[in-house]
Amino acid sequence: FNTDGYVGNDFEVLKAVQDHRASARMFTFGIGNGVNRFLIDAMGSEGRGASEIVTLESDADKAVARFTQRLRSPVLTDIKVHFEGGDTFETLPKYIPDVFSEGPVVIKGRYATPGAGRVTITGKLGGDYWKQTLDLNFPAEDQSGSSIATLWAREKVEDLMRQSWMTSNQGKGQRDVTNDITQIGLQFGIMTQFTSFVAVEDKVVNVGGKQQTVQVPVEMP
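Residues numbered from 1 in each chain as written. Predicted model: local features only at pLDDT ≥ 70, side-chain atom pairs only at ≥ 80, totals over all residues. Heavy atoms only, no water.

S.K.: Please clarify how the sheet that holds strand β5 (residues 99-100) should be interpreted in this entry.
M.R.: Within a sheet, each strand pairs with its neighbour through backbone hydrogen bonds, oriented either parallel or antiparallel. Spatially, four strands are ordered β5-β3-β7-β8 in an open sheet, and the strand pairing comes out antiparallel. The strands lining the two open edges of the sheet, one partner per strand, are β5 and β8 (128-138). Bridging between strand β3 (residues 74-84) and strand β7 (residues 115-125) involves six bridges; their strand directions are antiparallel. Bridge pairing links Glu-84 to Arg-118 in β7. (Pairing = 2+ DSSP bridges. Helix = DSSP H or I, 4+ residues; strand = E, 2+ residues; numbered from the N terminus.)

S.K.: Got a minute to help me understand the packing of aromatic side chains in this structure?
M.R.: Any pair of aromatic rings gets described here by the distance separating the centres and the angle formed by the planes. Applying the stated criterion across every chain yields a total of four aromatic pairs. Between the aromatic rings of Phe-27 and Phe-100, the centroid separation amounts to 5.5 Å while the plane-to-plane angle is 80 degrees, which identifies the pairing as edge-to-face. In this pair, Phe-27 is assigned in strand β1 (residues 27-31) and Phe-100 in strand β5, connecting sequence segments 73 residues apart. The class of Phe-27 is buried, set by a relative accessible area of 13%. The ring centre of Tyr-95 lies 4.1 Å from the NZ or CZ of Arg-21, which sits over that ring. (Phe/Tyr/Trp six-rings, centres within 6.5 Å; stacked < 30°, edge-to-face > 60°. Buried < 20%, exposed > 50% of the residue type's maximum accessible area, 1.4 Å probe, protein only. Lys NZ or Arg CZ within 6 Å of the ring centre and 35° of its normal.)

S.K.: Which parts of the structure should I look at to understand the pattern of salt bridges?
M.R.: Two side chains of opposite charge can pair, provided their charged atoms sit close to one another. For the coordinates displayed, the defined rule picks out ten salt bridges. Across the pair Arg-66 and Glu-52 runs a salt bridge whose closest N-O atoms are separated by 2.5 Å. With Arg-66 in helix α3 (residues 60-72) and Glu-52 in strand β2 (residues 50-54), this residue pair connects regions lying 14 residues apart in the sequence. Given a relative accessible area of 36%, Arg-66 falls into the partly exposed group. Since its relative accessible area comes to 8%, Glu-52 is described here as buried. Between Arg-118 and Glu-84 there is a salt bridge, with its nearest N and O atoms 3.3 Å apart. In this pair, Arg-118 is assigned in strand β7 and Glu-84 in strand β3, connecting sequence segments 34 residues apart. Under the relative-accessibility criterion, Arg-118 is labelled partly exposed at 38%. Each of the salt bridges in this network shares a partner with another, and the network as a whole consists of Arg-25, Asp-78, Asp-98 and Lys-124. (Salt bridge = Lys/Arg side-chain N within 4 Å of Asp/Glu carboxyl O.)

S.K.: Hey, could you run me through unusual backbone geometry in this one?
M.R.: Of all residues except glycine, most have a negative phi; of all peptide bonds, most are trans. Residue Pro-93 follows Leu-92 across a cis peptide bond; omega there is 5 degrees. Along the chain, Pro-93 falls in the loop between β4 (88-92) and β5. Phi angles above zero are rare outside glycine, and Asp-78 is one such case at about 50 degrees. Mapped onto the secondary structure, Asp-78 falls in strand β3. Here Glu-90, not a glycine, exhibits a phi torsion of approximately 55 degrees, which is positive.

S.K.: Any chance you could explain the nonpolar core here in plain terms?
M.R.: As a rule of thumb, soluble globular proteins bury nonpolar side chains together. Membership of the largest hydrophobic core is limited to eleven residues, which are Leu-92, Trp-152, Ala-153, Val-157, Leu-160, Met-161, Val-177, Ile-181, Ile-184, Phe-188 and Ile-190. Of all elements in the fold, only α4 (148-168) and α5 (178-188) reach the threshold of two or more residues within this core. When residues of this core are assigned to their parent elements, the largest contribution, five residues, is made by α4. Not counting residues up to four positions away in its chain, the partners in contact with Met-161 are Val-177, Ile-181, Gln-193 and Phe-194. Core analysis: the second largest hydrophobic core is formed by seven residues, Phe-27, Phe-29, Ala-50 and Phe-100 among them. (Core = buried A, V, L, I, M, F, W, Y, C linked by side-chain atoms within 4.5 Å. Contact = heavy atoms within 4.5 Å.)

S.K.: Sorry if this is basic, but what is going on with the environment of Thr-113 here?
M.R.: Mapped onto the elements of the fold, Thr-113 is located in the loop between β6 (108-111) and β7. C-alpha separation for the pair Thr-113 and Met-220, spaced 107 residues apart in sequence, amounts to 49 Å. Excluding anything up to four places from it in sequence, Thr-113 contacts Gly-86, Asp-87 and Phe-138. There is a polar contact of 2.6 Å between the side chain of Thr-113 and the side chain of Asp-87. (Polar contact = N/O pair within 3.5 Å; in protein donor to acceptor, adjacent residues only side chain to side chain.)

S.K.: I'm lost on helix α2 (residues 37-46) in this one. Help?
M.R.: Every α-helical turn comprises 3.6 residues, leaving residues that sit three or four positions apart pointing alike. Of all the residues in α2, the buried ones are Leu-39, Ile-40, Ala-42, Met-43, Gly-44 and Glu-46. Looking at the residues trailing α2, positive phi occurs at Arg-48, about 55 degrees.

Shown next as structure tokens:
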């Protein structure tokens, strides 16, 4: 699906993808400096496919070649993941996309109990049933400074916002996710729609109160 995404009825489009995707996959491709990234990325996610954005300064030919190669080379489809041990919960994404040769699928989640565990992954490989079980270790404390927790938190915020928008635009009354997102932002130290960072600068940069005007270029669509 090739578009700049400016159609004006984003949520009707996403609802149509949800209602009619069945076993199909939707791949979205946006070109330009002012594309509607929300719609393009959300269509790819809801359609269990992928999205690609190419700015006017990018090499479009390479992007198209990469995109078409991905479409031609599904490695594993209809993926399901089952965790044992760790008391895992809130795994994302909700709809697991297929694995293609051009990139991995990353599944993020939380666990309540440290210790040993296992994950069983099933799917279809060339149309045939495929299964693999891997041993896991859920550490009691992260010693490596990993950013995994932050990555989960960002995706959880996106998932909450999408749920809120979708229920609102389906006439079900908007789900209030303000408190949930605020708590995630504060706990994981990320910027969200309801949390931000405040920088306090001790150094005086306008000595004598004289202001300096700086021209800041802003990219136009």
